[in-house]
Structures are given as structure tokens and as C-alpha cells.
Amino acid sequence: MKKITFINSDPFFDKNYMFMHEKPDHMLFPLFALKQELQKRNIEVHTSDLLPKKDADYIVYNEAPKKNFFKKRLTPTEDEKKKSFLMLLECPIIRPDNFNEHYHSYFKKVFTWDDGLVLKNNKKYIKLNFTQSFKKSTKNIARDRFCVCVSGNKKVKHTNELYSKRLEIIKWFESNDLSNFDLYGRGWGHMKFNSNTILRPFNRIFTYLPEYKFRSSWRGPAENKLELLQRYKFNICIENAKNYHGYITEKIFDSFRAGCIPIYSG
């Protein structure tokens, strides 16, 4: 039996958590489906904390290893390169190190949404987008609210970021039409510093403090995003970033599935 190990740059996905979501509505469902399909082909799949890479026939890195990973080890041998693959899903404003092409040379193939890299070398770079479900929700929920935005509170100092555009729209509604707008998502009850500043570590500390309603439109986290969206006529679903050809996430597709009108930029 062949074995594949996934090395996550974020330990949140370890202990096989990335493969455990059986519901098609869940963002990680495609990885669950991938594991099921590979098992049918007699291929074992685990995260690297359960299957060390030395015991694996193939290694898949979920996002580029952290910055110092390659500096602390020797350049991989040709045998290591032949069994190592890289999966890039985040965009440069979140993971700029993902797009250091020097590091890409350490992998046999790189799976990415980036059309520019695929056009440059379609042998090395393989097109891979976020997998989306097009199954429309069948629950009948009264569409009794006007407009909503479901997003986390994030800040990045970058010319291509769109987090500030989301905040601009949120502030407009709070000043001009609060009764017709609701904000849902995590992180709005705490102070937030730009993620690429020296103050970033304080963001994690703030999460342990009691939440405060900094935004008058904030209604708390969204427990079931699709059911929530079905209550609204319009959904503010601004993408994380602009000017990256091929980059698109789940945001606009969630609107399609819930049957509400997307107000989109990406």
C-alpha cells in the first residue's frame, strides 16, 4: 500500500482534522472526498504528525513551509524532490512566502490557483482552485432581512488587500442604514492590528479577553453560514485580495447556493 503524508504549515489541520469533514457544505469536504477516493485505490493518507514523511511514499505540503524551514536544513536531494509536492491556496497578501519561486524548485509539482505561474510553466505548475459545491440549499427560510456581511475581522497592510474595502462598506451602513444591515463573523469583538506588523502577536493575546461590541452592526459569529444567508436579499462578499489572476474563494459561491444577491469585488 502506498502512503501519502500531508505537512501543514498550520497545525490546526493536524491529527487528520483536514480529512474529517463529511458534510458537503463544509469547506474541508473536498479533502475528505480526496481521502475516500485514494483509499479506494489502496493509498493511505494521513497528516504528518501521524505519518512521518520518512515513512511516506509521497509528501504534500499544504502551503509553503514556514520561512526558516529551508534555512535550517540542507537542500533536498533529488530523491526527496521526486516525492514532494506543494499545494498553494492562500494568496500573497496572506502568505507572501508561498510565491518565492526559488523554494518551488524543491518540489516535483506545485498545485496553485495562480494563472500566471501555470502559464509560465504548465509542467511544473498545476491549476488548482478552491473546490466549490454548486448544490443549492433546499431549506425554506423566510428572506426577511435586507443585507449581510459574513467575514472575519482581518487587517493587512498591502496594496492589493480588500479587507479595508469591507470595513469601509460596514462603516457606511452603520452610519447611514444600520437597521438594514447585519455583520457576522469572528474577531470583531477584539482589537486588531495589521498581520504584517510587529504588533501582530497582540492579536492572539486579545482573543483571550472578553469581547466588546466595537461595531454596532456586529451580531456575533455565524454558526451556519448558508442558513444565515438565506434570510437576506443581499450579501456583501468582498474577496480577500484583488489583482491576482485566478484567485477566487468560497465567498461568491456561498451567495449563489443560498439564493441571495452577491455584492462582490475580487
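Criteria and thresholds
- Residues numbered from 1 in each chain as written.
- Predicted model: local features only at pLDDT ≥ 70, side-chain atom pairs only at ≥ 80, totals over all residues.
- Heavy atoms only, no water.
- pLDDT = per-residue confidence, 0-100.
- Contact = heavy atoms within 4.5 Å.
- Phe/Tyr/Trp six-rings, centres within 6.5 Å; stacked < 30°, edge-to-face > 60°.
- Salt bridge = Lys/Arg side-chain N within 4 Å of Asp/Glu carboxyl O.
- Helix = DSSP H or I, 4+ residues; strand = E, 2+ residues; numbered from the N terminus.
- Buried < 20%, exposed > 50% of the residue type's maximum accessible area, 1.4 Å probe, protein only.

## A closer look at the confidence of the model for the protein chain
Taken over all residues, the pLDDT of the protein chain has a mean of 87, while the share at 70 or more is 87%. In this model residues 205–209 is a low-confidence stretch, pLDDT under 50, and it forms five contacts with partners more than four residues away in sequence or in other chains.

## Points about the packing of aromatic side chains
For any two aromatic rings, the description comes down to two numbers: the centre-to-centre distance and the angle of the planes. Scanning all chains against the criterion turns up 15 aromatic pairs. Aromatic pair Phe12 and Tyr17: ring centres 5.0 Å apart, planes at 70°, arrangement edge-to-face. Among the aromatic residues, ring-to-ring pairing joins Phe99, Trp113, Tyr244 and Tyr247 into one connected group.

## Considering the pattern of salt bridges
For the structure shown, the criterion picks out 15 salt bridges. Between Asp55 and Lys54 there is a salt bridge; the shortest N-O distance is 3.3 Å. Here Lys127 ties to Asp115 by a salt bridge, and the two come within 2.4 Å at their closest N and O atoms. Within this pair, whereas Lys127 is found in strand E6 (residues 125–127), its partner Asp115 is found in helix H4 (residues 115–120), the two being separated by twelve residues in sequence. Judged by relative accessible area, which is 28%, Asp115 ranks as partly exposed. Linked by salt bridges that have partners in common, Glu37, Lys40 and Arg41 make up one network.

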